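# Structural features, examined
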Amino acid sequence: MLPRSLFKHARSYIVRVVSQINGTYDNGWCDACAVMIRRLLETLIIEVFEHHSIGAKIKNANGDYFYLSDLIAKTLTEPSLTLTRNCKRALPGLKDVGDKSAHSRYFNATTIDIQQIRTDLRVAVEELLHHAGLK
């Protein structure tokens, strides 16, 4: 699903999430794969903001990080980040599949669902890794 070579300089907790994404995909556990993709995006967005010393922009008054929908909204509008249009287009769709797998009683992701987001995932993840100083 995601080449391990992208994560040579990533933190161990990110590498473990990627291993879970790849393992769940290889085993056909598509809902689990989609949820782990959602978790990876959340983690990488936080890494990006922390790397740029603007982590406070994605925290609430209690110091807790925002939920993924707000993290993505902040990422898409943050002027100090120069995201490509492909990354900006990909993030909401990647979140959507993960949300359905995590929160919908009737939706079960299939291999086709995951394959359809594979290129967008690669684009977004690689770009976020660069912005987080992990690539």
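Details of the structure are given in the entry above.
Read on for an overview of the structure. Everything numeric here is computed off the predicted structure, so don't read it as measured data.

### Some points on the pattern of salt bridges
One pass over the structure, following the stated rule, counts seven salt bridges. Its salt-bridge partner being R38, residue D99 comes within 2.4 Å of it at the nearest N-O pair. Of this pair, D99 sits in helix α4 (residues 85–103) while R38 sits in helix α2 (residues 30–51), and the two are 61 residues apart along the sequence. As far as burial versus exposure is concerned, D99 and R38 are alike and both buried. K100 is paired through a salt bridge with D96; the nearest N and O atoms lie 3.1 Å apart. Here K100 pairs with D96, and both are found in helix α4, just four residues apart, close to one helical turn. If you follow the salt bridges from partner to partner, you end up with R38, K95 and D99 in one network.

What counts and what doesn't
Residues numbered from 1 in each chain as written. Predicted model: local features only at pLDDT ≥ 70, side-chain atom pairs only at ≥ 80, totals over all residues. Heavy atoms only, no water. Salt bridge = Lys/Arg side-chain N within 4 Å of Asp/Glu carboxyl O. Helix = DSSP H or I, 4+ residues; strand = E, 2+ residues; numbered from the N terminus. Buried < 20%, exposed > 50% of the residue type's maximum accessible area, 1.4 Å probe, protein only.

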